[in-house]
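Chain residues, written in single-letter form:
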Amino acid sequence: MSGPATDPRAQAAAPPKRRGTEAALLGFAVLITVVAQCIVDLTITGSLRPEMAAFSAWITALWVVAHFVVRRWAPYADPLLLPCVALLVGLGLTVIHRLDLAAEQLDSTITREDAPVQLVWATLGVALFVAFLVVVRDHRTLSRYAYTLALVGMALLALPALLPSSISEVNGAKIWIRVAGFSIQPGEFAKICLVVFFAAYLVDKRDVLALASRRVMGLELPRGRDLGPVLLAWVLSILVLVFERDLGSSLLLFGIFVVMLYIATERSSWLLIGVGLFAGGALIAYQIFGHVQQRVDTWLDPFAYRDGAGYQLVQSLFGLGTGGLFGAGLGGGRPDQVPVAKSDFIASAIGEELGLFGLVAVIIVYLVLVERGLRTSLIVRDAFGKLLAAGLAFAVAWQVFVVLGGVTGLLPLTGLTTPFLAYGGSSLVANFVLVALLVRISDAARRPATPHAAPQRLGDAPTEVVTQ
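Residues numbered from 1 in each chain as written. Predicted model: local features only at pLDDT ≥ 70, side-chain atom pairs only at ≥ 80, totals over all residues. Heavy atoms only, no water.

A. Structural view of the overall build of the chain. A tally of regular secondary structure across the chain gives 16 helices and six strands. Put simply, 73% of the contacts in the chain that link residues at least 6 apart link residues at least 24 apart. For the chain, the exposed surface amounts to about 22,100 Å²; the carbon and sulfur share of it is 66%. (Helix = DSSP H or I, 4+ residues; strand = E, 2+ residues; numbered from the N terminus. Contact = heavy atoms within 4.5 Å. Areas by Shrake-Rupley, 256 points an atom, 1.4 Å probe, with all protein chains shown as cover.)

Take a look at the structure:
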């Protein structure tokens, strides 16, 4: 019999001794961010910009506040979650600043610097992160609002499709709301709302969904009437693909639901049914919609379209090839040759200037973040928390895989952004809320269980006189 020192549940219930670990890792992330910014300035301009001191103080204050809030309102939370986010955000700010300097050197018509704007968005994201931890003390309360969140999520998804193209369409996809110079991508927040709904719904219905009616080729297939949730999710993803021309969100949402369904029921048949449905829907979309066909054709042979639709991907591949193993160094490459490098293709910029080793290091940071989310799913005590943590962790992993697959030519381009790295306020703020959820669930998972009162023995019970 293993003692309490080797029992994972006993380790999870140990008193929090992680304050120093999280603080040290956050300090390391801030140090890397500041040093990387200095390297970019010195390489490109030959001197440090005057705003460097203010930037260093600002980014340090952000993570100090976030750290103290986590230690105060989620003291048992995993100490690796916040530092991983801090490192990714800092690296993203560095690459965006580097691309800003490249645009200035080329006398670009784009005069706005995006790095300060991204820092403001990061500040708003940290503010929402803090507010969520302070207000939501128990993740299980979210399950009470599951259907409300589902309606909110579907409304956020549908809203851009209902608006005129002049305020909702960018690069052929109707996924934005742009008013008076301000833009927001509501699908990023819809993703979180729908993951919460999926978790609550699957916990409630998993016994029914796990039933099998027949066995075919070694697979236990579900009953026909239980296919409704999958078909509904499939129809929703196809509608997003059709009306918003957004392959990325369609693939992301359907993938998250199918994987969460598999986790809830442990039936591999759901995975095969989900893959088959999406493959069929994608084939139909390829035959009917020209923009889907163009993306697939460009993916299959980008060099045949290098002067048109394939130019972005071709430049990305050239940049990754130029970077090689160790990269050209921060400020030493030409990542600005890739259109929209700050958002869609920021991974290409990292691969060119930090090389394969640097890009793999970034992927490892994502893997650590996902692994801690999945570990939280394993040790949390309630079923809703297990599914929610697993769904959130998979959402990050799936999005990173789809984005990197598009940048490297492994998958068709989807238009999704790299979480925490890429420029974009909606994505950054929404992902801070996602991490706040993981931190809250992690705190509940690692918090010592309240000991139940021992059952009273019959002999110890007091004598009672019963009268009739």
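Past the structure itself, the notes keep going.
B. Quick look at the packing of aromatic side chains. Summed over all chains, the structure comprises eleven aromatic pairs. Taking 5.4 Å as the distance between ring centres and 70° as the angle between the ring planes, the aromatic pair formed by Tyr-147 and Phe-197 counts as edge-to-face. Of this pair, Tyr-147 sits in helix H6 (residues 146-162) while Phe-197 sits in helix H8 (residues 187-209), and the two are 50 residues apart along the sequence. Ring plane angle 20° and centroid distance 5.8 Å describe the contact between Trp-398 and Phe-401, whose orientation is recorded as stacked. Here Phe-401 and Trp-398 lie together in helix H15 (residues 383-408), a separation of three residues that amounts to about one turn. (Phe/Tyr/Trp six-rings, centres within 6.5 Å; stacked < 30°, edge-to-face > 60°.)

C. View of the side chain of Ser-249. In this fold, Ser-249 is placed in helix H10 (residues 247-265). Ignoring anything within four residues of it in the chain, the contact list for Ser-249 reads Val-240 and Leu-416.

D. Seen up close, the packing of H10 against helix H11 (residues 268-288). At a minimum axis distance of 8 Å, the contact between H10 and H11 shows a crossing angle of 165°. By the criterion of interaxial angle, the relationship of H10 to H11 is roughly antiparallel. Here H10 runs over H11; the crossing is right-handed. Residue-level contacts link Ser-250, Leu-251, Phe-254, Val-258, Val-259, Leu-261, Tyr-262 and Thr-265 of H10 to Ser-268, Trp-270, Leu-271, Gly-274, Leu-277 and Phe-278 of H11. Here the contact of H10 with H11 is composed, by residue class, of ten nonpolar, four polar and no charged. (Axes fitted to C-alpha atoms, helices over the stretch in contact; angles between N-to-C directions. Parallel < 35°, antiparallel > 145°, perpendicular 65-115°, else oblique. Left-handed = near helix turned anticlockwise from the far one by under 90°. Nonpolar A, V, L, I, M, F, W, Y, C, P; charged D, E, K, R; others polar.)

E. Structural context of the pattern of salt bridges. With the rule as written, the count across this model stands at 14 salt bridges. Lys-191 is paired through a salt bridge with Glu-188; the nearest N and O atoms lie 3.5 Å apart. A residue pair is termed a helical-turn pair when its members lie 3 or 4 positions apart in one helix, as Lys-191 and Glu-188 do in helix H8 at three residues. When sorted by exposure, Lys-191 lands in the same class as Glu-188, which is buried. When the shortest N-O distance is used, the salt bridge between Asp-443 and Arg-440 registers 3.3 Å. With Asp-443 and Arg-440 both in helix H16 (residues 425-446) and three residues apart, the pair spans about one turn of that helix. By relative accessible area, Asp-443 is classed as buried at 3%. (Salt bridge = Lys/Arg side-chain N within 4 Å of Asp/Glu carboxyl O. Buried < 20%, exposed > 50% of the residue type's maximum accessible area, 1.4 Å probe, protein only.)

F. Local environment of the environment of Leu-42. When you line up the elements, Leu-42 lands in helix H2 (residues 19-44). Since its relative accessible area comes to 47%, Leu-42 is described here as partly exposed. The spacing of Leu-42 and Gly-331 is 289 residues in sequence and 8.7 Å in space, taken between C-alpha atoms.

G. Up close: a nonpolar patch on the surface. The grouping of Leu-325, Phe-326, Leu-356, Phe-357, Val-360, Ile-364 and Leu-367 at the surface amounts to a nonpolar patch, some 680 Å² of accessible area in total. On the secondary structure map, Val-360 appears in helix H14 (residues 346-379). Overall, the relative accessible area of 37% leaves Val-360 in the partly exposed class. (Patch = residues over 30% accessible without salt bridge, like charges linked within 9 Å, V, L, I, M, F, W, Y side chains within 5 Å.)

H. Quick peek at the nonpolar core. Residues Ile-59, Trp-63, Val-89, Phe-129, Leu-388 and Val-439 are the most contacted members of the largest nonpolar core, which totals 118 residues. In terms of residue count, the dominant contributor to this core is H15 (14 residues). Ignoring any residue separated from it by four or fewer positions in sequence, one finds Phe-129 in contact with Ala-66, Val-70, Leu-82, Phe-432, Val-435, Ala-436 and Val-439. (Core = buried A, V, L, I, M, F, W, Y, C linked by side-chain atoms within 4.5 Å.)

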